[in-house]
Amino acid sequence: MMQFWTLRSPRERLLIVAAVVIVGLLLLSTSVVRPLRAAHLEARTHLMEASSTLELVDQAAQSARAEAKARPRLSDAELRTALVELARRRGIEISRLQTREDGNIVLQIEAAPAPLVFAWLVEAEQSFNAAPVRANMSEDGAGTVRASVEFESGQP
């Protein structure tokens, strides 16, 4: 290889070095620069999509909060009765009902199908403006869940 290089004139050596540099730059451009530019454009597109989605979600959340504030809240006793009655109508058995020191209402469900529990929570929020403050659910292995759901107290 050394003999090949030494047999070349300075002009040929310069052309070979230039060709190697051009091939190196082409490989660098093809394998590094172009993929980075494509990834950058894709990231920018995802950012724009995420920003518009965030705006929509934020608007929907503001609208939902305003709508929730407009609905009257039930008293603690009325809310407890309404939540238990709604659960009974949905086929969910409330095993324990507590009122905490801060006035929040805690309902415990021993065994109920998860879709029924979620539907009950949605209907409670829509009907009584009662969104859960805290919830804990665990699957019991028999296709049902155990749940403890805490609701913020109503108006006194």
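Check the entry above for the structure.
In what follows, the accompanying structure is described. (Residues numbered from 1 in each chain as written. Predicted model: local features only at pLDDT ≥ 70, side-chain atom pairs only at ≥ 80, totals over all residues. Heavy atoms only, no water.)

Focus on unusual backbone geometry
Phase 1: For Asn-129, which is not glycine, the phi dihedral falls at a positive 60 degrees.
Phase 2: Looking at the element boundaries, Asn-129 is found in the loop between helix H4 (114–128) and strand S3 (132–139). (Helix = DSSP H or I, 4+ residues; strand = E, 2+ residues; numbered from the N terminus.)

A short note on the pairing of strand S4 (residues 145–151)
Phase 1: Most of S4 is tucked away: five of the seven residues are buried.
Phase 2: Sheet topology places strand S2 (residues 105–112) next to S4; six bridges connect them, and they run antiparallel. From the neighbouring strand, Gln-108 faces S4, where its bridge partner is Ser-148.
Phase 3: As judged from the seven bridges shared by S3 and S4, these two strands associate in the antiparallel manner. Its bridge partner lying in S4, Ser-138 is registered against Arg-146. (Buried < 20%, exposed > 50% of the residue type's maximum accessible area, 1.4 Å probe, protein only. Pairing = 2+ DSSP bridges.)

Things to note about the pattern of salt bridges
Phase 1: Applying the stated criterion to the full structure yields six salt bridges.
Phase 2: When the shortest N-O distance is used, the salt bridge between Arg-146 and Glu-110 registers 3.2 Å. You can see Arg-146 sitting in strand S4 and its partner Glu-110 sitting in strand S2, a full 36 residues away along the chain.
Phase 3: Residue classification places Arg-146 among the partly exposed residues on the basis of a relative accessible area of 43%.
Phase 4: Accessibility expressed as a relative area gives 36% for Glu-110, which makes it partly exposed. (Salt bridge = Lys/Arg side-chain N within 4 Å of Asp/Glu carboxyl O.)

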